[in-house]
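# Inside the fold
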Amino acid sequence: MGSNPIDPRIRLRRCGASALVVLASLLTACSGGDARPAPATTTAAPTRSAPIAGLFDVGGGRRISLECRGNGPATVILIGGLRAAADYWNRTDTKPTTVMQGVSERTRVCAYDRPGTVREGNAFSRSDPIPQPSSERSAVADLHALLGAADVHGPFVLVGHSYGGCIARLYASTYPDQVNGMVLVDALSEAVADAMSPEQYAQLQTSQQVPAEDIAAYPGIERLDADAVNAQLRAAPPIRPMPRTVLSADRLIAPQWQAMIDSGQLPPGTPSDLGAAVDRAQKVSQDFQAHLVPGAVHITETHSGHDIPLDNPAIVIRAILDVVAKAG
């Protein structure tokens, strides 16, 4: 998952076409220049229904940016994929209604910038940096500290896209009394590695390394310790039964794989047939996640690539609100 087969790679200095799917496309709209630091934000005193937009102290001298809006029967926590900041869920080029907007009309919803994420306009995360690479255990600890610092109370419905699904799962395992529903949006899992040969998985990790020039431009850019992520997921206690929906992309990567190699979006020497192996592994992973708790809903006709929240926000909104209603 540091070798993330699906998450787009951030190219801080190369701004191309808008993100559709996979690997080399941007998570954020490009401004045409290098990524740049975000302006400082201030912390507002939150209430259970008032909007929140600010930085909160999570300990160790670090602050994390959180925004919440809406009011209703549940608090939904949106957890973005690798390097996806809070505004991934509220992208200005997503029409007609973004996930953040649609959910906030019916219930409370929050999103946050993990350290090392990239915002729309190719700006740095508003949150203070941490050493990289990281794993989802540190991300879970940060999220728990953030919600406490901001006085945001559960039980929560967790919504995890891509790598964010790993964080949602581990959070629910670590704090079972705080989570009463979950939506996994084309989430990654340890089953991706299990479904590939060791050689294929090693090739995938190589193809997904963050270029040195990107790290030089943004030393705190989010990177993952893939082995640690997989080990933590395998060792985690089972998730207790709860309303749960799994949304799976239905557009394959393989047809685009060679074009990405030819265009330089993937490193030279990336095997041409690796895209098909990724598709097979991701299907196994999606089926695996759909059976982690009994009675989960698995939606496979999403008319979308990996970025379902951008390609088809309406189906994500419906899935979230359905789980909110079932969670009661």
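See the structure shown above.
Read on for a plain summary of the structure. (Residues numbered from 1 in each chain as written. Predicted model: local features only at pLDDT ≥ 70, side-chain atom pairs only at ≥ 80, totals over all residues. Heavy atoms only, no water.)

### Things to note about the side chain of R223
Along the chain, R223 falls in the loop between helix 6 (212-217) and helix 7 (226-235). Here R223 sits buried without a salt bridge, and the closest side chain of opposite charge, E222, lies 9.5 Å off (N-O distance). A polar side-chain atom of R223 sits 2.9 Å from the main-chain carbonyl oxygen of P219. Residues in contact with R223, not counting those within four places in the same chain, are Q132, P133, S134, V210 and I215. (Helix = DSSP H or I, 4+ residues; strand = E, 2+ residues; numbered from the N terminus. Buried < 20%, exposed > 50% of the residue type's maximum accessible area, 1.4 Å probe, protein only. Lys, Arg positive; Asp, Glu negative; His and termini not counted. Salt bridge = Lys/Arg side-chain N within 4 Å of Asp/Glu carboxyl O. Polar contact = N/O pair within 3.5 Å; in protein donor to acceptor, adjacent residues only side chain to side chain. Contact = heavy atoms within 4.5 Å.)

### Points about empty space enclosed by the protein
Per the counting criterion, the structure on display carries one cavity of 30 Å³ or more. Within this model, the largest cavity holds a volume of roughly 70 Å³. Looking at the lining of the largest cavity residue by residue, the classes come out as three nonpolar, three polar and three charged. (1 Å grid on protein atoms, 1.4 Å probe; cavity = no way out; pocket = protein on both sides within 12 Å on 5 of 7 lines; lining within 4 Å. Points joined across faces, edges and corners; volume = space filled by probe spheres on them. Nonpolar A, V, L, I, M, F, W, Y, C, P; charged D, E, K, R; others polar.)

### Some thoughts on the packing of helix 2 (residues 136-149) against helix 3 (residues 163-174)
As a packed pair, helix 2 and helix 3 sit with axes 9 Å apart at the nearest point and diverge in direction by 65°. Relative to helix 3, the element helix 2 is oriented roughly perpendicular. Relative to helix 3, the crossing made by helix 2 is right-handed. Here helix 2 contributes E136, R137, A139, V140, L143, H144 and L147 to the contact with helix 3, which in turn contributes Y163, C166, I167, L170, Y171 and T174. Classifying every residue of the contact of helix 2 with helix 3 gives nine nonpolar, two polar and two charged. (Axes fitted to C-alpha atoms, helices over the stretch in contact; angles between N-to-C directions. Parallel < 35°, antiparallel > 145°, perpendicular 65-115°, else oblique. Left-handed = near helix turned anticlockwise from the far one by under 90°.)

### Details of helix 2
With 14 residues, helix 2 should reach 20 Å at 1.5 Å per residue; the first-to-last C-alpha distance of 20 Å fits that figure. The set of residues buried in helix 2 consists of E136, A139, V140, D142, L143, L146 and L147. Buried residues of helix 2 fall within an arc of 165° about the axis and therefore sit on the same side. D151 sits one or two positions beyond helix 2 and adopts a positive phi of about 60°. (Expected span 1.5 Å × (residues − 1). Arc of directions from axis to C-beta.)

### Section: the pairing of strand 4 (residues 108-112)
Counting buried residues in strand 4 gives five out of five residues, a clear majority hidden from the surface. Both strand 2 (residues 62-69) and strand 4 contribute to a ladder of four bridges, which runs antiparallel. Residue pairing across strands places R69 opposite V109, the latter belonging to strand 4. Summarising the sheet, strand 3 (residues 75-79) and strand 4 pair through four bridges and their orientation is parallel. Bridged to I77 within strand 4 is C110. Considered for its hand, the β-α-β crossover made up of strand 3, helix 1 (residues 99-104) and strand 4 is right-handed. (Pairing = 2+ DSSP bridges. Right-handed = clockwise from strand over helix to strand, strands pointing away.)

Don't take any of this as a statement about function, it's just geometry.
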